[in-house]
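# Inside the fold
So the chains spell out like this:
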Amino acid sequence: MSLRARISTPEEHGSRGEDGHLVAAYRAKLLEEIDLAEMSALAAAERRARLERVLGHIISREGPVLSTAERAQLIRRVVDEALGLGILEPLLEDASITEIMVNGPDAVFVERGGRVEQLPLRFVSADQLMQTIERIVSTVNRRVDESNPMVDARLPSGERVNVIIPPLSLTGPILTIRRFPRSFTLQELVGFGSLDEPMVYLLAGLVQAKFNVIVSGATGTGKTTLLNALSGLIPPHERIITIEDSAELQLQQTHVVRLESRPPNVEGKGQVTIRDLVRNSLRMRPDRIVVGEVRGGESLDMLQAMSTGHDGSLATVHANSAEDALTRLQTLASMSDVEVPFEALHDQINSAVDVLVQLTRFADGARRITEIALLDSHGGEPYRLATVARFDARPMTADGRVYGAFRYFPLPRRTADRLYMASQPVPGAFGVARSADQLATREAR
Ligand SMILES: Nc1ncnc2c1ncn2[C@@H]1O[C@H](COP(=O)(O)OP(=O)(O)O)[C@@H](O)[C@H]1O
Ligand SMILES: [Mg+2]
């Protein structure tokens, strides 16, 4: 169900003047009587019929003097407003839009196909934008005001909404709506040119052979999408526990436990972090732990889990390169309340992480795997990354596209052995290095 279908009352169509007051008053009364949660379960036509019926009762009860035509018109206007989100509505209905960004009342941007464009749309005033924002966040029982000027929430329909208002924002209320990402299979991602067939075979083998995989990239590069597709390769008999800040993964297997963290309430209580969930999940006999995004002290718990028998775990981390991802995991793990010496963390990462998959979003909007690397170092050694696949981009062409080619490099012997033991083939495109100098390795601290 779309966001607009779940939202209640807007005022965009100018409720000014006398009957504007009437419309606003009845809209408020209507909202007092309807149950939003219940409403959202209804189909659009039913929802309208229901609102009309309830409003009809309210008007009869209150008994304003209205002609039949006036009454019908009032009902239509109140219900129109109660069902819409004004200028945001058509945007929310447009499936090609992945992100809506409102930078104050005068600037509405959208992302389509990876490209951001400004639309010739504006809200009447900052107040009107603020009302729209309040309507959106109230559907998830959240509040936004001066004492609570930042809200980050997932709507029941899956969209992620972020709001930040003055005085923190200097350009009026800011609203960012991120559409619930569609899920794609690896084959579909191949269709987009995000990776190619040999890489699919390799990744499938690595996931099935229970290598621990870290997907890294900046925001919006497709980490969650790839994590979802990779998770789809986990055999159906395994018990999978997914842990996320805002549940986006859509696994098709039957034995899946989905956990979602919880922010503190208005009084600052009741918070449950990703870290709490990771720790708890270890007591739930998981075969696989899938962590949506590692961004805090849970890094340590996850690394410990990965290196102590919970093989085949998958996670994403925000980083711009494979080595950056390692550094980031290390930094995050050191932020945990447990003091772990640097060398021990380093050791932990060497034994926990097996595969790094780097994603990049190119200037033309295309998202691609730009590197698959195996972590081939042990113990306290500096990190040694063996690149096994890489995308070599060429400069952008006149048509604004970025072209390039995927290249493959031999797998480390150790990786090939592990695949072999798990009855997974080494895809022919890669082959196995006969000696260390055939590997495309680099070291990092
Ligand atoms: N390989 C891809 N090709 C095209 N679009 C993609 C690809 N991967 C993700 N997307 C789209 O890009 C947006 C961001 O993807 P997401 O996986 O949420 O990114 P991240 O988790 O890195 O922030 C979503 O709308 C998603 O559908
Ligand atoms: Mg994500």
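For the structure, check the block above.
Residues numbered from 1 in each chain as written. Chains lettered and ligands numbered in written order. Predicted model: local features only at pLDDT ≥ 70, side-chain atom pairs only at ≥ 80, totals over all residues. Heavy atoms only, no water.

## With respect to the overall build of the chain
For the chain, the count of helices and strands is 15 helices and 16 strands. In terms of its C-alpha atoms, the chain occupies a principal-axis envelope of roughly 90 × 55 × 40 Å. Here the chain holds 445 residues, and the buried ones make up 50% of them. In the structure as shown, the chain presents an accessible area of about 20,600 Å², 52% of it carried by carbon and sulfur atoms. Here the chain carries 51 positive and 58 negative side-chain charges, and the mean point of each set is 3 Å from the other. (Helix = DSSP H or I, 4+ residues; strand = E, 2+ residues; numbered from the N terminus. Buried < 20%, exposed > 50% of the residue type's maximum accessible area, 1.4 Å probe, protein only. Areas by Shrake-Rupley, 256 points an atom, 1.4 Å probe, with all protein chains shown as cover. Lys, Arg positive; Asp, Glu negative; His and termini not counted. Charge placed at Lys NZ, Arg CZ, Asp CG, Glu CD.)

## Comments concerning the sheet that holds strand β2 (residues 108-112)
Across the sheet, six strands lie side by side as β3-β2-β1-β6-β5-β4; this open sheet has antiparallel pairing. Of all strands in the sheet, those bounded by a partner on one side alone are β3 (115-119) and β4 (150-154). Each adjacent strand pair in this sheet contributes to an overall mean axis angle of 15°, direction not counted. Sheet topology places β4 next to strand β5 (residues 160-164); five bridges connect them, and they run antiparallel. Residue valine 151 lies in a different strand from β5, and its bridge partner there is valine 163. (Pairing = 2+ DSSP bridges. Axes fitted to C-alpha atoms, helices over the stretch in contact; angles between N-to-C directions.)

## A short note on the pattern of salt bridges
If you walk through the whole model with that rule in mind, you get 27 salt bridges. Residues arginine 61 and glutamate 33 are paired through a salt bridge, measuring 2.8 Å at the closest nitrogen-oxygen approach. Of this pair, arginine 61 sits in helix α4 (residues 44-62) while glutamate 33 sits in helix α2 (residues 17-33), and the two are 28 residues apart along the sequence. Assessed through its relative accessible area of 52%, arginine 61 is described here as exposed. (Salt bridge = Lys/Arg side-chain N within 4 Å of Asp/Glu carboxyl O.)

## Quick notes on the nonpolar core
The tendency in soluble globular proteins is for nonpolar side chains to be buried side by side. Judged by nonpolar contacts, the single largest core of 42 residues is most densely connected at Leu186, Leu195, Leu226, Leu230, Ile369 and Ile372. Every element with two or more residues in this core is listed here: α8 (186-191), α9 (197-208), β7 (213-217), α10 (223-231), β12 (355-361), β13 (367-375) and β14 (383-393). Tallying contributions element by element places α9 first for this core, with seven residues. Each residue touching isoleucine 372, except ones within four places of it in the same chain, is listed here: Met199, Leu202, Leu203, Val355, Leu356, Ala386, Thr387, Val388 and Ala389. Ranked by size, the runner-up nonpolar core spans 36 residues in total, among them Ile241, Ala305, Ala319 and Leu332. (Core = buried A, V, L, I, M, F, W, Y, C linked by side-chain atoms within 4.5 Å. Contact = heavy atoms within 4.5 Å.)

## Some thoughts on the site of ligand 1
By nearness alone, 15 residues border ligand 1, and Arg178, Ser194, Gly220, Thr224 and Thr225 come closest of all. One of the backbone nitrogen or oxygen atoms of lysine 223 is found 2.8 Å away from an oxygen atom of ligand 1. In this structure, an oxygen atom belonging to ligand 1 sits 2.7 Å away from a side-chain N or O atom of threonine 224. In the complex, the protein chains occlude 88% of the 560 Å² of accessible area that ligand 1 would expose alone. The greatest single-element share of the shell around ligand 1, amounting to three residues, is contributed by α10. Taken together, the residues of the shell around ligand 1 break down into four nonpolar, eight polar and three charged. (Near = heavy atom within 4 Å. Polar contact = N/O pair within 3.5 Å; in protein donor to acceptor, adjacent residues only side chain to side chain. Nonpolar A, V, L, I, M, F, W, Y, C, P; charged D, E, K, R; others polar.)

## Examining the packing of aromatic side chains
In this structure the tally under the stated criterion is four aromatic pairs. Both rings, one in phenylalanine 184 and one in phenylalanine 192, keep their centres 5.0 Å apart while their planes meet at 85°; by these two values the pair is edge-to-face. Joined through ring pairs, the aromatic side chains of Phe362, Phe391 and Phe406 make up one cluster. For the cation-ring pair, lysine 29 lies above tyrosine 26, with the distance from its terminal atom to the ring centre recorded as 5.0 Å. Taking the ring centre of phenylalanine 362 as reference, the NZ or CZ of arginine 368 above it sits at 4.9 Å. (Phe/Tyr/Trp six-rings, centres within 6.5 Å; stacked < 30°, edge-to-face > 60°. Lys NZ or Arg CZ within 6 Å of the ring centre and 35° of its normal.)

## Re the packing of helix α13 (residues 322-334) against helix α14 (residues 342-352)
Put simply, α13 and α14 touch, their axes get as near as 10 Å, and they point 130° apart. Taken as axis vectors, α13 and α14 run oblique relative to one another. Here the hand of the crossing between α13 and α14 comes out right-handed. Seen from α13, the contacting residues are Leu326, Leu329, Gln330, Ala333 and Ser334; seen from α14, they are Phe342, Leu345, His346 and Ile349. Here the residues of the contact of α13 with α14 are counted per class, giving six nonpolar, three polar and no charged. (Parallel < 35°, antiparallel > 145°, perpendicular 65-115°, else oblique. Left-handed = near helix turned anticlockwise from the far one by under 90°.)

## Remarks on helix α11 (residues 274-281)
Residues Ile274, Arg275, Leu277, Val278 and Ser281 constitute the buried set of α11. Take α11 and look down its axis: the buried residues cluster within an arc of 160°, on one side only. Packing partners of the buried residues in α11 comprise β8 (240-244), β9 (256-260), β10 (288-294) and α12 (298-307). (Arc of directions from axis to C-beta.)

## Considering the side chain of glutamine 330
Tracing the sequence through the fold places glutamine 330 in helix α13. The residues touching glutamine 330, leaving out its near neighbours within four places in the chain, are Phe342, Leu345, His346, Ile349 and Tyr383.

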